[in-house]
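What follows is the residue order along each chain.
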Amino acid sequence: MSSLEERGEVGVAAAAAPGSSTAGLGVGAVGAGLEPGAGGQGLPVGQDEPGVRREGPGPEADPDAPPKKRVRLQEGEAGKLEERLYSVLCCTVCLDLPKASVYQCTNGHLMCAGCFIHLLADARLKEEQATCPNCRCEISKSLCCRNLAVEKAVSELPCECGFCLKQFPRSVLERHQKEECQDRVCSPGPGEPHALWVFVRVTQCKYKRIGCPWQGPFHELTVHEAECCHPTKTGNELMGILDEMDQSHRKEMQLYNSIFSLLCFEKIGFTEVQFRPYRTDDFITRLYYETPRFTVLNQTWVLKARVNDSERNPNLSCKRTLSFQLILKSKVNSALECSYLLLKGPYDDVKIKPVIYHYVFSNDANETDYMPLPIIDSVECNKLLAAKNINLRLFIFQIQK
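Just so it is clear, the model here is predicted, and its values are computed rather than measured.

Undergrad: Explanation requested: the overall build of the chain in the structure shown.
TA: On a plain count of helices and strands, the chain comes out with eight helices and 16 strands. Looking at the chain as a whole, 37% of its 401 residues are labelled buried. When the accessible surface of the chain is totalled, it reaches about 23800 Å², and 51% of it is carbon and sulfur.

Following this line, the structure appears as structure tokens:
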């Protein structure tokens, strides 16, 4: 069996996978064996456009003869237009319609941004060249490009609101769910992970500021606020609620006040660092990152980072984390007490929360422990792993004695 036939069978099996958004729509070999067309998109080899058939003899006709005139199928014969477009425009990895950017390989197979980044991150962890899951051509950020036509087409397809169950074009669904839907709440219901285009703002009681935890459909808000018991609580009860809220607020302010205090130090240094990927020399190699030597505060330093705390097979885990270690390479005459933190680089979009770490460096203790890089979730970690290098900004504050 040829590799093309094998890919076709894989595509059919994947498209019919139970639980996928396209199962039951008559999807076949999505993106398998596509011939590039306008905008990089094409049709399956040997197939016509959805809802179109040719008149005349079959494939045994004279190959040099001009193509026969195509006739549109009757309405309903091939399903709704939206359903046929779903099967053409869906991501060839997750078989779902893309919710943001759409990337395509050199043969035109489509991948949503999340799947594309995940493929690149997995290839980095396994020390392999990332390939398109359909045609096995090489993929990378330089080889693949966005398909703006597909992105615009998807934005015009109808999508069901996860709250009121009415259908709207995807381009206006976000505004509807945030501002207009009378049944809006904060997140999809159980068993509906893809019911919403985005997570929207919570509909909350106006007495939230004095501790009311209620949230629910917007059309129930007026009735709840009329019956809310929080305005009738005693002063002592409200003081207890407000104390808990103040404690949470104080923790947030403590971080920012600490940063402001560090900015008052006499000796402050920062630099942009670039983590480069390497492999250990073990029998089972592990991916780690290391920066070239750099100078801050007249000292020479190196940063190292590892994935999932050197877990044996991080590519098998859905949870992805990075931890880093700061190493002093210079010799010092006395102990060097420092606070330090890592933030995202000036041109990256990864989300990193500021966390201040503290360590006393000496010639005998020149390496910090591995500390977690405070990224928000595994999706942000995959963004870093998918990149050729990881670019961050390091701040070091020397504490004067």
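Undergrad: Can you help me understand the environment of Thr271 in this one?
TA: Of note, Thr271 is situated in strand β8 (residues 267-279). Taking the C-alpha atoms as reference points, Thr271 and Leu394, separated by 123 residues in sequence, lie 5.5 Å from one another. Setting aside anything within four residues of it in sequence, one finds Thr271 in contact with Phe294, Val296, Leu392, Arg393 and Leu394.

Undergrad: Please clarify how the pairing of strand β16 (residues 390-398) should be interpreted in this entry.
TA: Within a regular strand, side chains alternate between the sheet's two faces. With respect to burial, β16 is a largely interior element, seven of its nine residues being buried. Alignment of β8 against β16, held across nine bridges, turns out to be antiparallel. From the neighbouring strand, Glu272 faces β16, where its bridge partner is Arg393. Where strand β13 (residues 336-344) and β16 come together, seven bridges link them in antiparallel fashion. Bridge pairing in β16 links Leu341 to Phe395.

Undergrad: Before we go on, may I ask you to explain unusual backbone geometry in this structure?
TA: Among all residues save glycine, negative phi is the norm, and among peptide bonds the norm is trans. Although it is not a glycine, Arg136 adopts a positive phi angle of roughly 65°. By the element assignment, Arg136 lies in the loop between α3 (113-126) and β5 (145-146). A residue is classified by how much of its surface remains accessible, and Arg136, at 54% relative accessible area, is exposed. Not every positive phi belongs to a glycine, and Asn308 is a case in point at roughly 50°. Residue position: Asn308 is located in the loop between β11 (299-307) and β12 (322-328).

Undergrad: What exactly am I supposed to notice about the sheet that holds β5 here?
TA: Strand pairing in a sheet relies on backbone hydrogen bonds. The paired strands run either parallel or antiparallel. Strand order in this open sheet of three strands is β4-β3-β5, and the pairing throughout is antiparallel. In this open sheet, the two edge strands, each paired with only one partner strand, are β4 (110-112) and β5. Sheet topology places strand β3 (residues 102-104) next to β5; two bridges connect them, and they run antiparallel. Residue pairing for β5: Gln104 is matched across the bridge by Cys145.

Undergrad: Can you help me understand helix α5 (residues 170-180) in this one?
TA: Residues three or four positions apart in an α-helix share a direction because the helix packs 3.6 residues into each turn. Here α5 has its buried residues at Arg170, Leu173, His176 and Gln177. The arc enclosing the buried residues of α5, seen along the axis, measures out at 90°, which places them on a common side.

Undergrad: Explanation requested: the confidence of the model for the chain in the structure shown.
TA: When pLDDT is low, close inspection of the predicted coordinates is not appropriate. On average, residues of the chain carry a pLDDT of 76, and 75% of them reach 70 or more. Scored below 50 in pLDDT, residues 1-78 makes 106 contacts in the model with residues more than four places away or belonging to other chains. Residue range residues 187-201 is modelled with pLDDT below 50. Its contacts to residues more than four positions away, or to other chains, number 34 contacts.

Undergrad: Is there a simple way to explain the packing of α3 against helix α8 (residues 378-386) in this structure?
TA: If you want to describe how two helices pack, look at the angle between their axes and the distance between the axes. Where α3 meets α8, the axes come as close as 8 Å, and the angle between the chain directions of the two elements is 60°. Relative to α8, α3 is oriented oblique. For the element pair α3 and α8, the recorded crossing hand is left-handed. When α3 is examined against α8, the residues Ile117, His118, Leu120, Ala121, Arg124 and Leu125 are found in contact with a partner set consisting of Asn382, Lys383, Leu385 and Ala386. Residue composition of the contact of α3 with α8, by class: six nonpolar, two polar and two charged.

Undergrad: Explanation requested: a nonpolar patch on the surface in the structure shown.
TA: On the surface, Met253, Tyr256, Phe260, Leu263 and Ile268 cluster together into a nonpolar patch covering about 480 Å² of accessible area. Broken down by element, the nonpolar patch gets its largest block of residues, three residues, from helix α7 (residues 235-262). Within the secondary structure layout, Phe260 lies in helix α7.

Undergrad: Explanation requested: the packing of aromatic side chains in the structure shown.
TA: Two numbers describe a pair of aromatic rings. These are the distance of the centres and the angle of the planes. Tallying each qualifying case throughout the model produces nine aromatic pairs. Ring geometry for Phe324 against Tyr340: centres 6.2 Å apart, planes inclined by 85°, an arrangement best described as edge-to-face. Of this pair, Phe324 sits in strand β12 while Tyr340 sits in strand β13, and the two are 16 residues apart along the sequence. The exposure class of Phe324 is buried, given its relative accessible area of 2%.

Definitions and limits used
Residues numbered from 1 in each chain as written. Predicted model: local features only at pLDDT ≥ 70, side-chain atom pairs only at ≥ 80, totals over all residues. Heavy atoms only, no water. Helix = DSSP H or I, 4+ residues; strand = E, 2+ residues; numbered from the N terminus. Buried < 20%, exposed > 50% of the residue type's maximum accessible area, 1.4 Å probe, protein only. Areas by Shrake-Rupley, 256 points an atom, 1.4 Å probe, with all protein chains shown as cover. Contact = heavy atoms within 4.5 Å. Pairing = 2+ DSSP bridges. Arc of directions from axis to C-beta. pLDDT = per-residue confidence, 0-100. Axes fitted to C-alpha atoms, helices over the stretch in contact; angles between N-to-C directions. Parallel < 35°, antiparallel > 145°, perpendicular 65-115°, else oblique. Left-handed = near helix turned anticlockwise from the far one by under 90°. Nonpolar A, V, L, I, M, F, W, Y, C, P; charged D, E, K, R; others polar. Patch = residues over 30% accessible without salt bridge, like charges linked within 9 Å, V, L, I, M, F, W, Y side chains within 5 Å. Salt bridge = Lys/Arg side-chain N within 4 Å of Asp/Glu carboxyl O. Phe/Tyr/Trp six-rings, centres within 6.5 Å; stacked < 30°, edge-to-face > 60°.

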